[in-house]
Amino acid sequence: MRISDLIGVKGPVFSFEFFPPRTEQGERTLLQTIDRLRELHPTFVSVTYGAGGSTRDKTLELVCHIKHTIGIEAMAHLTCVGADRDEIAGVLRRLYDHGIENVLALRGDPPRDQPRFVARSNGFAFAAELVAFIRATDLPFSVGGACYPEGHVECGDRDQDLRHLKQKVDAGLDFAITQLFFDNDDYFAFVARARAIGVHIPLIPGIMPITNLAQIERFTALCGAHIPVALRARLSAVSTDEEAVRAIGIDHATAQCRALLANGAPGIHFYTLNQSPATRAICERLQA
């Protein structure tokens, strides 16, 4: 099923993001996570590329396994990193030939040894170009993209960053998933600004439950998201107690999700980090 045909049909959508593991043990852990979360009946799951597009084949393998063996609708991430138009056309054809109908079109992050993104010769410099390229093929994908309630970390002008989203929508984007955020006011203000400039596609909130303070501080430093002062103070007060940090993170994410859904968000996309307990706890609370 195309994700764009599932959004808004039977209430809010719930989805999970996974990444291709690097080891056999990591793969076993991921499959156990998917098995535990399958019981929550997600609308779809997505599978990322590794840094610099390094896990392209593994991404294809995983989305095929999740869709055809496990039985959950799956979406493959596709980035502009390290590939030209011919290579990306080949990936799209392989996805389609394997029955994958959904793609998340991203510019992607550069490899760790590159200080900034550099497009390949005959490649794409921006996600909007990738979206337009997908639409120019004869392959009927549902195409999602990314959006940034607090602005993209590389773009200091939030209005300009919003115009980048509008360019992706004009190129044919069906829906967008936000970067992680911890203050719902940022999401709702972003949605209002997006609607004001003609962005009317579903904007699905992306939520990452905090389970480790040092880890989330690294993530937010990289992506530019902020942790609200009150939440940071609560976490800092129990920073040496892993269970207490996890409990606060789950409580906060649950409250976030409840308020988002109550105020019209089209669903929730969970950044799981290939772990099930926190996401499962939140979903069970929401279902209750």
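Residues numbered from 1 in each chain as written. Predicted model: local features only at pLDDT ≥ 70, side-chain atom pairs only at ≥ 80, totals over all residues. Heavy atoms only, no water.

### Remarks on the pairing of strand β6 (residues 175-180)
Counting buried positions over the 6 residues of β6 gives 6, a clear majority of the element. Here 4 bridges tie strand β5 (residues 142-147) to β6, and the two strands are oriented parallel to one another. Within β6, the position partnered with Ala146 by the bridge is Ile177. Crossover connection from β5 via helix α6 (residues 158-171) to parallel β6: handedness right-handed. Relative to strand β7 (residues 203-207), β6 runs parallel, the two being bridged by 3 bridges. Of the residues in β7, the one forming a bridge with Ala176 is Leu203. (Buried < 20%, exposed > 50% of the residue type's maximum accessible area, 1.4 Å probe, protein only. Helix = DSSP H or I, 4+ residues; strand = E, 2+ residues; numbered from the N terminus. Pairing = 2+ DSSP bridges. Right-handed = clockwise from strand over helix to strand, strands pointing away.)

### Points about helix α2 (residues 24-38)
Between its first and last C-alpha atoms α2 spans 21 Å; for 15 residues at 1.5 Å apiece the expected length is 21 Å, and the two agree. Looking at α2, one finds that the buried residues are Leu30, Thr33, Ile34 and Leu37. An end-on view of α2 places all buried positions within 100° of arc, on one side of the element. Looking at the packing, one finds that the buried side of α2 touches β1 (13-18), α3 (56-70) and α11 (277-287). (Expected span 1.5 Å × (residues − 1). Arc of directions from axis to C-beta. Contact = heavy atoms within 4.5 Å.)

### As for the nonpolar core
Buried together is how nonpolar side chains tend to be arranged in soluble globular proteins. Core analysis: the biggest nonpolar cluster contains 65 residues, and Ile66, Leu78, Leu92, Leu95, Ile134, Leu165 and Leu203 have the highest contact counts within it. For this core, the leading source of residues is α3, giving 6 residues. If sequence neighbours within four positions are ignored, Leu203 has contacts with Cys147, Leu165, Ala176, Tyr187, Phe190, Val191, Ala194, Arg195 and Pro266. The next biggest cluster of nonpolar side chains, apart from the first, holds 26 residues, and it includes Ala146, Met208, Cys223 and Ile248. (Core = buried A, V, L, I, M, F, W, Y, C linked by side-chain atoms within 4.5 Å.)

### A word on the side chain of Asn274
Along the chain, Asn274 turns up in the loop between β8 (267-271) and α11. On the basis of relative accessible area, Asn274 is assigned to the buried category, the value being 4%. For Asn274, the contacting residues outside a window of four places in its chain are Phe18, Phe19, Thr29, Leu30 and Thr33.

### Quick look at the packing of helix α5 (residues 127-136) against α6
Where α5 meets α6, the axes come as close as 8 Å, and the angle between the chain directions of the two elements is 5°. Comparing the axis directions of α5 and α6 gives the class roughly parallel. Facing α5, whose interface residues are Ala127, Ala128, Val131, Ala132 and Arg135, α6 presents Gln167, Lys168 and Ala171. For the contact of α5 with α6, the per-class residue count stands at 5 nonpolar, 1 polar and 2 charged. (Axes fitted to C-alpha atoms, helices over the stretch in contact; angles between N-to-C directions. Parallel < 35°, antiparallel > 145°, perpendicular 65-115°, else oblique. Nonpolar A, V, L, I, M, F, W, Y, C, P; charged D, E, K, R; others polar.)

Geometric values such as these leave the question of function open.
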